[in-house]
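Here is what each chain is made of, one letter per residue.
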Amino acid sequence: MINKLPNAFSVPENIRTDFSKNKSKLVKRSIMLLFGQVKIHKGNSPILLVIPSTDINLLALGITLQNVSNCHLMIVKSMTPKTETKIQRYIAQYNIRGLIGVEERENNGYEYMYNDHFHPLINYITEKYIDTTVPNTITTEEDYCLKENKPSVKFFINKNDAASFLPVLLSLLKVLPTQIEHNQEPWTAASVSDTFKVSMITPFNRLELTGETKDKWGLNEHDYVFVLNPVSGSFRKCVVYETKKKLAADEVVLSTGVKKDLFGTSAAAEPLLIQKAARFPVHHIQTQSASDVQLNRVIVSENLMDKLKRTESPYIELMNPHTGGSFDFHISQLAHQPGLTDDKTIKLNYIQRQYLDYEQPPDFIPPTVLKDLCQNLNLTETEQLLLNGTYGEGNVLERISYQESLQLKKVLKKAGYYHTFMYPVNHYYKEIKKLSLKKRITNKLLTVFIGNKQLSLKVIRPYTSDETSNIIRLTKSTMTLLGIEEADTVILSYRNKTAKAQVLEMDDLELIKETNIMSSSSMMNISVAVPSTIRTHLGLNNIGKVILVERDMTFLLKKNWNIQFVPIIAVMFTVLSVSIFTTWTRILLLLFFVPLSMYVTLSRVRYSISNKKQNQ
């Protein structure tokens with residue numbers, strides 16, 4: 001047999017066990033005899049795996065991969081025009097963003113589209129796993145699984161080698177979410193340093209490299225990169241930081257959490273693959289009109305909006321590359337303005353500029369970033385001295401006057417500080433599961449009786465004394481906007497994770513300065529102080545990100561039972577004591593007047609957020 005996979009090829013023991021179990025089940029149940037032409041196993045990952053039902057080994061391969069990766073699996077008896085049409089409809093219906101097809105052949109191989117940037121990664125992973133070279137073919141024609149605008153690959157596998165292809169396909173299934181952001185940057189091999197550790201614990205997804213390596217790879221500080229272990233398929237999205245450590249060429253230092261995710265408990269023996277995340281640079285930031293401010297939109301040119309929508313990413317992360325501050329917004333918040341034709345211009349409202357440290361001069365600029373800004377040829381010697389005098393040697397911005405602030409912003413603009421990056425984000429957001437009827441009715445009733453309120457707030461570190469507790473801190477004005485009091489419970493949301501915490505007041509700037517860089521109290525009103533335990537639970541790798549804070553309606557309902565008890569008892573006593581009513585009439589009256597009594601008594605809770613606009 002040509003290109004027979006070596007028997008010594010390593011397959012993880014747990015995967016091999018799952019494969020054997022699934023194969024045994026298929027033999028006993030004779031699942032190969034499908035009732036229809038296509039059998040579908042739905043998943044949560046936006047990846048579709050298409051497997052033929054012609055052989056029990058390939059069937060076990062597909063079912064094992066679907067169980068491990070939670071991808072969509074489609075088992076096909078024979079490929080006909082009708083079957084291909086069904087696959088196309090499924091791709092559109094479930095917003096499939098990556099495809100892997102498997103066909104049974106005598107000789108092993110694989111095929112991909114001619115212009116697919118994904119193929120270098122496929123080649124690298126396949127060669128890592130397989131000692132002998134498996135031939136690959138470049139095609140120019142689309143079919144049921146090969147798509148020009150999606151990362152896709154088709155494998156031809158001999159049925160006797162199905163188990164050996166398990167880790168190859170699993171590795172690709174794991175890394176596909178990094179490619180569905182339409183990332184077309186090349187992958188670069190890198191080694192991990194065992195000698196050095198990262199300079200700081202935060203952010204938890206920190207990657208450090210030398211200035212020479214950073215320039216060689218075309219990276220900037222705070223850039224996002226995907227770091228992949230091609231052997232396991234595990235990857236992390238990391239943030240780049242420059243270090244002065246004496247590292248070898250193409251050597252990086254990873255934080256402990258990233259190492260654990262990529263290598264587990266074993267040593268980092270294998271080289272990693274690093275790829276710069278897809279991004280859309282914007283160099284001009286303008287203010288919005290009053291009408292756009294109230295709609296909480298992000299204004300770009302029509303052409304840039306079309307580019308972002310073509311990525312099929314539900315969310316976009318807007319980031320300040322100099323400080324690392326960022327916030328996410330839904331693609332539906334993106335809008336274009338007639339007359340705005342520059343793809344490098346974006347219009348933000350006041351609060352959005354505050355989140356990104358653009359409205360006021362930043363409190364701190366990292367030394368490596370300051371060095372790059374001062375090297376801008378547009379700056380005069382006096383302006384360079386102003387920047388170095390303000391932020392040099394790790395200095396923090398002192399309280400300055402309004403005129404001094406305007407002058408500093410002018411110099412920062414000339415230095416190129418006011419530009420941002422837009423990163424498509426989707427693999428962090430899981431598909432929202434449909435709530436049960438009971439849950440939907442409960443949420444609707446709570447919204448009617450209590451009222452919902454949400455605010456987007458920037459995460460900072462808490463007081464030193466709060467670091468080990470399950471409390472967050474908000475300013476008095478922020479609590480008033482949310483309609484809550486001290487010791488109330490709120491719900492925190494960041495991407496696909498949520499957490500509940502109690503609230504205390506944040507009223508001391510000096511205590512905040514002990515753990516944060518903050519020059520004035522104005523930033524406190526748009527901030528939430530979150531301890532590290534809750535940040536970790538939410539998946540926040542660093543501070544400076546924007547999360548959603550929502551008042552807990554269930555808690556507020558229970559908190560106000562005391563003011564509802566007497567009116568409810570009075571209504572029940574009145575209705576039941578009137579003898580002229582029949583039993584059914586009394587029941588109907590109770591069903592009407594008890595909720596009405598609750599609605600009236602809860603008016604204070606409801607009207608504490610009486611403004612109609614519910615989202616900041």
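Residues numbered from 1 in each chain as written. Predicted model: local features only at pLDDT ≥ 70, side-chain atom pairs only at ≥ 80, totals over all residues. Heavy atoms only, no water.

Novice: Which parts of the structure should I look at to understand the sheet that holds strand 2 (residues 47–52)?
Specialist: Adjacent strands of a sheet pair through backbone hydrogen bonds, lying either parallel or antiparallel. Read across the sheet, 7 strands follow the order 1-3-2-4-7-5-6 without closing on themselves; strand pairing throughout is mixed. Unpaired on one side and paired on the other, strand 1 (38–41) and strand 6 (136–139) mark the two borders of the sheet. If you compare each strand with its neighbour and ignore which way they point, the axes differ by 20° on average. Bridge count for strand 5 (residues 109–113) against strand 7 (residues 152–157) is 3 bridges, and the pairing is antiparallel. (Pairing = 2+ DSSP bridges. Helix = DSSP H or I, 4+ residues; strand = E, 2+ residues; numbered from the N terminus. Axes fitted to C-alpha atoms, helices over the stretch in contact; angles between N-to-C directions.)

Novice: How do you make sense of helix 19 (residues 561–577) when you look at a structure like this?
Specialist: It helps to recall that an α-helix has 3.6 residues per turn; residues three or four apart then point in one direction. Here helix 19 contains 17 residues, and its C-alpha end-to-end distance of 24 Å stays within 8% of the 24 Å for a straight helix at 1.5 Å per residue. Taken together, the buried positions of helix 19 are Gln564, Ile568, Val571 and Val575. The arc enclosing the buried residues of helix 19, seen along the axis, measures out at 60°, which places them on a common side. Among the exposed residues of helix 19, those oriented more than 90 degrees off its buried face are Asn562, Phe565, Val566 and Phe573. (Expected span 1.5 Å × (residues − 1). Buried < 20%, exposed > 50% of the residue type's maximum accessible area, 1.4 Å probe, protein only. Arc of directions from axis to C-beta.)

Novice: Help me understand the packing of aromatic side chains in this model?
Specialist: The description of an aromatic ring pair uses the distance of the two centres, along with the angle that the planes make with each other. As enumerated under the stated definition, the model contains 14 aromatic pairs in all. Summarising the aromatic geometry, the rings of Tyr224 and Tyr423 are spaced 4.8 Å apart at their centres and angled 70° between planes, so their arrangement reads as edge-to-face. Of this pair, Tyr224 sits in strand 10 (residues 224–228) while Tyr423 sits in strand 21 (residues 420–425), and the two are 199 residues apart along the sequence. Their ring planes at 75° and their centres at 6.0 Å tell us that Phe449 and Tyr599 sit as a pair that is edge-to-face. Linking Phe449 in helix 14 (residues 437–449) with Tyr599 in helix 20 (residues 583–601), this pair joins segments that are 150 residues apart in sequence. Assessed through its relative accessible area of 16%, Phe449 is described here as buried. (Phe/Tyr/Trp six-rings, centres within 6.5 Å; stacked < 30°, edge-to-face > 60°.)

Novice: I keep staring at the sheet that holds strand 9 (residues 206–209) and nothing clicks. Help me out?
Specialist: A barrel is described by the order of its strands in space; here 6 strands give the closed sequence 8-12-9-11-10-13, paired in mixed fashion. Sheet twist, expressed as the average angle between the axes of neighbouring strands with direction ignored, equals 45°. Examined bridge by bridge, strand 8 (residues 187–192) and strand 13 (residues 272–276) share 4 bridges and lie antiparallel to one another. Bridging from a neighbouring strand, Thr188 pairs with Ile274 of strand 13. Lying on the sheet, helix 7 (residues 256–263) is in contact with strand 8, strand 9, strand 10, strand 11 (235–242), strand 12 (251–254) and strand 13; it crosses strand 11 at an angle near 145°. (Contact = heavy atoms within 4.5 Å.)

Novice: I keep staring at unusual backbone geometry and nothing clicks. Help me out?
Specialist: Across residues other than glycine, the phi torsion is negative in most instances, and most of the peptide bonds are trans. Residue Pro203 follows Thr202 across a cis peptide bond; omega there is -10°. Looking at the secondary structure, you find Pro203 in the loop between strand 8 and strand 9. Its identity as a non-glycine residue notwithstanding, His222 has a phi of 75°, on the positive side. The topology assignment puts His222 in the loop between helix 6 (211–216) and strand 10. Of note in this structure, Glu393 is not a glycine but carries a positive phi near 60°. Locating Glu393 in the fold gives a position in the loop between helix 12 (381–391) and helix 13 (402–415).

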